[in-house]
Amino acid sequence: MDVDREWFDKDYYATLGVAKDASAKDITSAYRKLARQLHPDANPGDTAAEERFKEVSAAYEVVGDPDKRSRYDEVRAMGPMAGGFAPGGGPGPGGGFDGVDLGDLLGGMFSRNRSTRRPQGPQRGQDLEAALTMPFESAIAGATTTVQVTSDVRCPDCSGSGAAPGTSPRPCGVCDGRGAVDEDQGFFSFSRPCQACGGRGSVIETPCPTCAGAGAVHRPREIKVRIPRGVRDGQRIRVKGRGAAGLNGGPDGDLFVRVHVQPHATFGRKGDHLSITVPITMAEAALGADVSVPTLEGDPVTIRVPAGTQSAKTFRVRDRGVKTSKSTGDLLVTVEVDVPAQLNDAQREALEALALATPSPRATTEPAR
């Protein structure tokens, strides 16, 4: 019987949060919901979510396939983890299983599944990671740039077949093109990669001189990446199909670019809002004023600072923040009253007159005399 050892230990239904008798539609619905929640793109840097995503994907690969699900259910029903054996760890009395001869049952399953071993199909290439550092302005506006990666790429001379130009691989005579051979271990038969063909299912008699039969070559390459506007520091951008080359005609993997945004000397960022701190004089704060504020685009805006404004007051300028494909943020302007470190004679005279005319704000807290 063609099974995976993990089938004895893993409850794939529990992993997906469905019952054993769940319909194929319910299983697919549960998988898609979990995949959306746990996908690495939705949880950047969360290794726990990434591992859970892999577990969910592995579970759906088995119980989401009708043929694999049927075999999985049979194995779980008979395996020790499913309680199909007597308390001593072996079959029930007489070597049977609920009145059925276990040897006959297993034998029938082996003969049915051994001949249905599927050839090893195309294998998807590995995903790659790259880092990109970009200026604050470029991250806000979006940009098209390039990253350097070194990885396996499809051999240009043999188009990934591994065979020299003008020749083709032939099916392996040891595994009959399956890429694996069966190994009997007691009641069960496990598959292992065919050593004669390395699990490919085919043999290359005349290897490609460029890739030595591997079908891929390891080399540096420059990949163009479009960074969407409003990208955030630490965000992971997926570039589909630009990862490592696939095997046996399989699709290439994806490239994930981690973006690092350089800080700006003037502007900060809070979500989709830009922030800036603007100094104002004591007179402007007390009397009120129209204050010019720079923007990231270059054209300044004017805000009205009301009379009596306190230091650290924040004003909002609508739609002058970060623009993304989904929303537009605001510009948050925080005013800070600038207190002169040194005064000239006119300033000192004016402030002394103001001090005489202004009651102390601490009058209610000072002790009576």
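Not measured: the values here are computed from a predicted model.

Caption draft 1: A look at the overall build of the protein chain. Broken down by element type, the protein chain carries 8 helices and 18 strands. Looking at the 369 residues of the protein chain, the share that counts as buried comes to 36%. Long-range pairs, those at least 24 residues apart, make up 64% of the contacts in the protein chain between residues at least 6 apart in sequence. Surface summary for the protein chain: the accessible area is close to 21,900 Å², and the carbon and sulfur share equals 51%.

Caption draft 2: Region of interest: the sheet that holds strand E4 (residues 128–134). With mixed pairing, the 3 strands of this open sheet are ordered in space as E4-E12-E11. On the outer flanks of this sheet lie E4 and strand E11 (236–239), each paired with one strand and no other. Across the sheet, the mean angle from the axis of one strand to that of its neighbour is 30°, orientation sign disregarded. Two strands pair when backbone bridges link them, and E11 and strand E12 (residues 255–261) are joined in this way by 4 bridges, in the antiparallel orientation. Along E12, the bridge assignment pairs Arg-236 with Arg-258.

Caption draft 3: Spotlight on a nonpolar patch on the surface. On the surface, Met-282, Val-339, Leu-343, Leu-351 and Leu-354 cluster together into a nonpolar patch covering about 400 Å² of accessible area. Along the polypeptide, Leu-351 turns up in helix H8 (residues 345–357).

Caption draft 4: Spatial organisation of the pattern of salt bridges. This model, assessed by the stated rule, comprises 17 salt bridges. Across the pair Glu-205 and Arg-170 runs a salt bridge whose closest N-O atoms are separated by 2.6 Å. With Glu-205 in the loop between strand E9 (202–203) and strand E10 (216–227) and Arg-170 in strand E6 (residues 170–171), the pair connects residues that are 35 residues apart, well separated along the chain. The exposure class of Glu-205 is exposed, given its relative accessible area of 59%. Since its relative accessible area comes to 36%, Arg-170 is described here as partly exposed. Put simply, Asp-272 and Arg-232 hold a salt bridge, and the shortest N to O gap is 3.2 Å. Note that Asp-272 is positioned in the loop between strand E13 (268–270) and strand E14 (273–281) and Arg-232 in the loop between E10 and E11, a separation of 40 residues in sequence. Taking the relative accessible area as the measure of exposure, Asp-272 reaches 18% and is therefore buried.

Caption draft 5: Local environment of unusual backbone geometry. In this model, Ala-312 sits at a positive phi of 80°, which is unusual for a non-glycine residue. By the element assignment, Ala-312 lies in the loop between strand E16 (301–305) and strand E17 (314–317). Judged by its relative accessible area of 55%, Ala-312 falls in the exposed class. The phi dihedral of Asp-319 falls on the positive side, at around 60°, and the residue is not glycine.

Caption draft 6: The arrangement of the environment of Asp-9 in detail. Considering the arrangement of structural elements, one finds Asp-9 in the loop between strand E1 (2–3) and helix H1 (12–16). Each C-alpha atom, one on Asp-9 and one on Arg-76, is 8.8 Å from the other, the two residues being 67 residues apart in sequence.

Caption draft 7: Highlighting the sheet that holds E17. Pairing in this open sheet of 4 strands is mixed, and the strands run E13-E14-E18-E17 from one edge to the other. Edge positions in the open sheet fall to E13 and E17, since each of these has one partner strand only. Each neighbouring strand pair of the sheet contributes to a mean axis angle of 35°, computed without reference to strand direction. Bridge analysis of E17 against strand E18 (residues 331–338) gives 4 bridges, and the strand direction is antiparallel. Counted as the bridge partner of Phe-315 is Val-333 from E18.

Caption draft 8: Structural view of helix H2 (residues 24–38). Its 15 residues place the ends of H2 21 Å apart at the C-alpha level, agreeing with the 21 Å of an ideal helix rising 1.5 Å per residue. Restricting attention to buried positions, one finds in H2 the residues Ile-27, Thr-28, Ala-30, Tyr-31, Leu-34, Ala-35 and Leu-38. Angularly, the buried residues of H2 cover 165° about the axis, an arc narrow enough to put them on a single face. Every exposed residue of H2 that faces more than 90 degrees away from the buried side is listed here: Lys-25, Arg-32 and Arg-36.

Caption draft 9: The arrangement of the packing of aromatic side chains in detail. Counted by the stated rule, this structure contains 4 aromatic pairs. Ring geometry for Trp-7 versus Tyr-72: centroids 5.9 Å apart, planes at 85°, classification edge-to-face. Of the two residues, Trp-7 is situated in the loop between E1 and H1 and Tyr-72 in helix H4 (residues 66–78); the sequence distance between them amounts to 65 residues. Under the relative-accessibility criterion, Trp-7 is labelled buried at 6%. A connected cluster of aromatic rings, assembled from ring pairs, spans Trp-7, Tyr-12, Tyr-13 and Tyr-72.

What counts and what doesn't
Note that residues are indexed from 1 along each chain, following the sequence as it is written. Totals for whole chains, interfaces and linings use all residues, but because this is a predicted model, local features are given only for residues with pLDDT of at least 70 and pairs of side-chain atoms are given and counted only at 80 or more. The side-chain quantities take in all heavy atoms of the structure and omit both hydrogens and water. For the purposes of this entry, the term helix denotes a DSSP run of H or I that reaches at least four residues, the term strand denotes a run of E that reaches at least two, and both are numbered from the N terminus. In this scheme, a residue with accessible area under 20% of its type's maximum is buried, one over 50% is exposed, and one in between is partly exposed, where area comes from a 1.4 Å probe on protein chains only. Contacts were defined at the residue level, with two residues in contact if any of their heavy atoms lie within 4.5 Å. Here the open area of atoms and residues is found with the Shrake-Rupley method and a 1.4 Å probe, where only the protein chains shown may cover a residue. Here a strand pair is declared whenever DSSP counts at least two bridges between the two strands. Axis definition: a line fitted to C-alpha atoms, limited for helices to the stretch in contact. Angles are taken between N-to-C directions and run from 0 to 180 degrees. Distance thresholds for patches are 9 Å for like charges and 5 Å for nonpolar side chains (Val, Leu, Ile, Met, Phe, Trp, Tyr), applied to residues having over 30% relative accessible area and no salt bridge. Just to be clear on terms, a salt bridge is a Lys or Arg side-chain nitrogen sitting within 4 Å of an Asp or Glu carboxyl oxygen. Take the residue count of a helix, subtract one, and multiply by 1.5 Å to get its expected span. Working note: the arc is built from the helix axis to C-beta atom directions. Each Phe, Tyr or Trp ring, with Trp reduced to its six-membered ring, pairs with another whose centre is within 6.5 Å; inter-plane angles below 30 degrees give stacked pairs, above 60 give edge-to-face pairs, and intermediate values give tilted ones.

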